Amino acid sequence: MAKSKNLFFLKQSHQVIYGIILIVLIPIFIVFNTLRTVDLFRDNIDISLQRQAFSLARMFDSAIYQGADDIDDAQEKIDLIQQSNPSLDIFNIYIREGDEFKLVAGFDEASIGQTSNDLNYVISWHREDDSGTATIISKEGSDKRVQRFWELAVPLHNLEGDRDALLVLNMSLKVMDDLVADSLWDSGIFIVITLLVVVLLLILNTRLFEHAILFRKLKEVDKMKDEFISIASHELRTPITTIKGFLSMAQEGDYGQLNEAGEKGFKIMEASVNRLGNLVEDLLNVSRIEQNRLVIKPKPIDTKEILNSLADEFDLRIGQKGLQFKRSFDDDLPQIWVDEDKFRQVVINLLGNAVKYTKKGEIELIAKKESDNMLTVTVKDSGIGMSAEERKSLFEKFYRIQGEETRGIIGTGLGLWITKQIVELMGGQIFVDSIKHVGSQFYFTVPIYDSKIHKVEEKKENKK
Ligand code: ADP
C-alpha cells in the first residue's frame, strides 16, 4: 500500500516536472525565436535604409549639387529636401577650412558658420574611393525622445568633378524601431497568453490524470466486486440446495407428521429459501453475463409449444391473484432460433413482473410474426404502469422504482437487466410501453428459424 502511494506521488511529481519544463521552455523558445526574428528583420531594414540614405546623398551629389561656389542654390534645394523628407534630421554641407569643416548650408540655417572636426568627417574626406562613411548614432529626435539615426558623411563634387565639400546627413530609424517595439510588445502579450493556456492545459491535464487513476481504481474495485459476487453466489448455491432438499423431506413428513403451525412455518421457510435461491441465480447470471461466460446455444424451437407450456406454468399463479390470463398467438407461428432455457427465462421474468406489478385486470401473452426474420413476443398487463421518467433507467442493473405502489413488493432490480442482456445475446431487442396506473407492455424480438442460415450454424455447433 505504502509502495503504491509512493508510486502515485512519483507519477504526480512527474506530471509537475513535465509541467514546469513546459512552462519554462515554451516562453524561452518564443522569446528566443522572437528576438532572433526581430534581429534579422532589424538588420535587413537597417541596411536597406542605409542604402536609401546613400542613394539620396549620391543623387544630391550628381544631379543637384553644382559646387561650393553656388552654395545659395544648394541651400534652396536643401530646403526642398527638408520639406519632402520628414525622416531626415540633418542635411548639412561642410567645406574644408584648415583642419576643420565649416557648415555652409543645411536644414538649420542658424548654425551656418559653425565648425566641426568630427572623426567620421575626416575619415570620409580622406578616403580615396569617395565611398563616404555610415554610422548608426543615437540622439534626441524632434519628439524629444532618443532615436537611432544613420549618419552619413559623403564627399560632394563640383561640376568639374572635384571634391569640394562634405555632405553630412542623419536619417532617422524611428519608423522601423517603432515597428520593432510594437512587434515585441505583441510577442510579449502572445507569450503571456500562451503561458496562461499552458497553465490551464496543465491544470486540466492534472485533473484528467487524476480521473484516469480514479477510473482505473474503480475498475479494479468493480472487478473485485464481480469476482466476489461470482464466488459468493457459487458458494451459496450448495447450502441452498441442501436446505431445499431437507425442507421438502420435512414437508413430506420424512421426519414425522407436522402440525398446522409447523406446516405454516415450513411454508414460510420454503418461500424464503426460494427467494434466496432466485437472488443467487440472478447474481450468478449477472456475473456470467459480465464476464462473457453466458453461453447461448440456439436451436429451432416450436414457438407455440414453448409459449403454451410457459403460459400453463403461470395459469395457476395468475388465477390465484384473481387476474385474467389471455394468450394471443398468430395461427401460423414459425419456429424460432433461440436458446430454449434462456428464452424461457426471458418470458418467465416478464410474466413474473406482470404478475408482481398487477393488482387487478388481466395479463396477456402475445406472439406474432413481425417480419420475415423476426418474431415479437409481448407481455401485456393492466398493472401499476410507469411514468416516462421512471422508465428511463428501467433496464439498468439494480434499478427499482421506489413509490407507494411498489412498496412491499420484493425484488432485486436485476431481472430486466438480465432479460435485456439475454434477448440481445439471442439477436433480438427489447422495448417497453407503459402508462402510469393503466398498464405496461414489454415486447421483445427473436430471430425466426431460417434453415438456410441457421443450418450452417447448427452444424458448426455440433462439430464443437
Ligand atoms: P425487480 O422486479 O426484481 O425489482 P426488475 O429488473 O425485474 O427488478 O424490474 C425493475 C423495476 O421495474 C421494478 O422494480 C418495477 O418497479 C419496474 N417494473 C418491472 N416490470 C414492471 C411491470 N410489468 N409493471 C410495472 N412496473 C414494472
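Residues numbered from 1 in each chain as written. Predicted model: local features only at pLDDT ≥ 70, side-chain atom pairs only at ≥ 80, totals over all residues. Heavy atoms only, no water.

Q: Please explain the pairing of strand β10 (residues 362-369) as it appears in this structure.
A: In regular strands, side chains alternate between the two faces of the sheet. As judged from the 6 bridges shared by strand β8 (residues 324-329) and β10, these two strands associate in the parallel manner. Note that in β10 the partner of Arg327 across the bridge is Leu365. Pairing analysis gives 7 bridges linking β10 to strand β11 (residues 374-381), with the strands arranged antiparallel. Each residue of the ladder has a partner; that of Lys369, found in β11, is Leu375. Between β10 and β11, which pair antiparallel one after the other, the connecting turn spans 4 residues. (Pairing = 2+ DSSP bridges. Helix = DSSP H or I, 4+ residues; strand = E, 2+ residues; numbered from the N terminus.)

Q: Could you clarify how one ought to interpret the domain arrangement of the protein chain in this entry?
A: How big an interface is tends to be stated in terms of accessible area lost as the parts join. Its domain assignment divides the protein chain into domain 1 (68-172) and domain 2 (299-447). The C-alpha-based centres of domain 1 and domain 2 are spaced at 106 Å. (Domains from an automatic or database assignment.)

Q: Looking at this structure, I do not really get the packing of aromatic side chains. What am I missing?
A: Any two aromatic rings considered together are summarised by their centre-to-centre distance and by the angle between their planes. Applying the stated criterion to the full structure yields 10 aromatic pairs. Counting every residue linked through ring pairs, the aromatic cluster contains Phe60, Tyr65, Phe91 and Phe107. Lying across the ring of Trp125, Arg163 places its NZ or CZ 5.8 Å from the centre. (Phe/Tyr/Trp six-rings, centres within 6.5 Å; stacked < 30°, edge-to-face > 60°. Lys NZ or Arg CZ within 6 Å of the ring centre and 35° of its normal.)

Q: Can you help me understand the site of the ligand in this one?
A: In the neighbourhood of the ligand, 19 residues make up the surrounding shell, with Asn353, Tyr357, Arg400, Thr412 and Leu416 lying closest. Taking Asp381, its side chain carries an N or O atom lying 2.9 Å from a nitrogen atom of the ligand. Separating an oxygen atom of the ligand from a side-chain N or O atom of Arg400 is a distance of 2.4 Å. For the ligand, the protein covers 97% of the area, taking 530 Å² as the surface of the free molecule. Of the residues in the shell around the ligand, the class split is 9 nonpolar, 7 polar and 3 charged. (Near = heavy atom within 4 Å. Polar contact = N/O pair within 3.5 Å; in protein donor to acceptor, adjacent residues only side chain to side chain. Areas by Shrake-Rupley, 256 points an atom, 1.4 Å probe, with all protein chains shown as cover. Nonpolar A, V, L, I, M, F, W, Y, C, P; charged D, E, K, R; others polar.)

Q: Where do I start with the nonpolar core in this structure?
A: For soluble globular proteins, the rule of thumb is that nonpolar side chains tend to be buried together. Within the largest apolar cluster, 49 residues are counted, with the highest numbers of intra-cluster contacts made by Leu307, Phe343, Leu365 and Phe444. At 7 residues, the largest contribution of residues to this core is made by helix α7 (residues 340-356). By size, the runner-up hydrophobic cluster in this structure holds 30 residues, among which are Leu49, Ala53, Phe54 and Met176. (Core = buried A, V, L, I, M, F, W, Y, C linked by side-chain atoms within 4.5 Å. Buried < 20%, exposed > 50% of the residue type's maximum accessible area, 1.4 Å probe, protein only.)

Q: Sorry, what's going on with the environment of Ala367 here?
A: In this fold, Ala367 is placed in strand β10. A sequence separation of 36 residues divides Ala367 from Asp331, and the C-alpha atoms of the two residues are 9.7 Å apart. Setting aside residues no more than four positions away along its own chain, Ala367 makes contact with Leu307, Ser328, Phe329, Asp330, Leu333, Thr376 and Val377. (Contact = heavy atoms within 4.5 Å.)

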